[in-house]
Amino acid sequence: MALDQSYIGRSYPPSEPYEVGREKIREFADAIGDPNPAYRDPHAAQALGYDDVIAPPTFAIVLSARVGAQVVFDPELGLDYSRVVHGEQRFVHSRPVRAGDRLVGVLTVDNIRAAAGNDILSTRVEIGTEAGEPVATAYSTLVARGPDGDSSPGKES
Amino acid sequence: MTATVNYDDVEVGTELPPANFPVQRVNLVRYAGASGDFNVIHWNQRVATSVGLPDVIAHGMLTMAEVGRVVTDWTGDPGSVLEYGVRFTKPVVVPDDGTGATIEVTAVVGAKLDDRRVRVDLTASSAGDRVLSMARAVVQLA
């Protein structure tokens, strides 16, 4: 099923603030099996020069996926989420996310295309503090595998 | 930022310590809860196979996180990772067989950049397949 191309270039208003909690960072670090003390112990994080515990480099997905849901789960777009696999992901950090941050994300649809029977959606979420300090940009490409699509989504891109 | 690796001590070709990460179904359930990604293909074999996958597959973001740990363990400061990107080329298939899957990671310094930054090139395999391509991190060293 082809996705609605008119979404290309669409930008969404800033999301409601997401407050990053120490225990959320710990939960995420536990889930990825990473024992790094900088994710759990404020003193360990301070020894590295941070005000509070910091989050793993991929933690920004927690916020960017929430913000991206505005388009991913928009029925008008026509994406079948049970057929979606992740094609590409990239983070560019101005600084690590840290506990206490109140972050907002601005979603932009960078591209929509079809390749090898799959629908491919590329988005960008610019993440910054409520006060306007840039923190990270998350670039995501999701692939909705068509009935006859290639099951190795990254291969053709 | 306080990376423990000095830029002057690394060269193009310097290898980072490799690592293997086991992944079982419980890890996928846990990651789903922590990340908020409840896509059924990561926990429901019936749905996964009905949409043409061989079995339940790991979240790409879980793989990306595990692979990135090779970099953050190396530098000693997770905040030293300025950029990190991957392409997901093959799924990490996680069978419900008591063993699950293993992600094998290698990493090497691919380029020395300005401002005491380096590009680290990563590889990740599972069950003999390369599961990532273009896996690269730009890292601030001391």
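Here we summarise the structure given alongside this text. (Residues numbered from 1 in each chain as written. Chains lettered and ligands numbered in written order. Predicted model: local features only at pLDDT ≥ 70, side-chain atom pairs only at ≥ 80, totals over all residues. Heavy atoms only, no water.)

**What about the environment of Thr-108 of chain A?**
Inference 1: Of note, Thr-108 of chain A is situated in strand β3 (residues 102-115).
Inference 2: Contact partners of Thr-108 of chain A, with chain neighbours within four places excluded, come to Gly-9, Arg-10, Ser-11, Ser-122, Thr-123 and Arg-124 of chain A. (Helix = DSSP H or I, 4+ residues; strand = E, 2+ residues; numbered from the N terminus. Contact = heavy atoms within 4.5 Å.)

**Remarks on the side chain of Glu-66 of chain B**
Inference 1: Position of Glu-66 of chain B relative to the elements: it lies in helix α3 (residues 60-75).
Inference 2: Notably, Glu-66 of chain B is buried but unbridged: the nearest opposite-charge side chain belongs to Arg-69 of chain B, and the N-O separation is 4.7 Å.
Inference 3: Look past the residues within four positions of Glu-66 of chain B in its chain and what remains in contact with it is Ile-32 of chain A together with Phe-21, Pro-22 and Val-23 of chain B. (Buried < 20%, exposed > 50% of the residue type's maximum accessible area, 1.4 Å probe, protein only. Lys, Arg positive; Asp, Glu negative; His and termini not counted. Salt bridge = Lys/Arg side-chain N within 4 Å of Asp/Glu carboxyl O.)

**Considering the interface of chain A and chain B**
Inference 1: Residue-level contacts link 41 residues of chain A with 40 residues of chain B.
Inference 2: A combined buried area of about 3,200 Å² lies between chain A and chain B, and 54% of that area is made up of carbon and sulfur atoms.
Inference 3: Applying the counting criterion to the chain A and chain B interface returns three salt bridges.
Inference 4: Linking Arg-69 of chain B and Asp-34 of chain A is a salt bridge whose minimum nitrogen-to-oxygen distance equals 3.9 Å.
Inference 5: Those elements giving two or more residues to the side of chain A that touches chain B turn out to be α1 (22-31), α3 (60-72) and β2 (84-93) of chain A.
Inference 6: Considering each element in turn, the side of chain A that touches chain B owes the most residues, 10 residues, to β2 of chain A.
Inference 7: Of the residues in the side of chain A that touches chain B, the class split is 20 nonpolar, 13 polar and eight charged.
Inference 8: Where β2 of chain A and strand β2 (residues 81-88) of chain B come together, five bridges link them in antiparallel fashion. Each bridged residue has a counterpart across the sheet, and for Gln-89 of chain A the counterpart in β2 of chain B is Val-86 of chain B. (Buried area = accessible area lost by both parts, 1.4 Å probe. Nonpolar A, V, L, I, M, F, W, Y, C, P; charged D, E, K, R; others polar. Pairing = 2+ DSSP bridges.)

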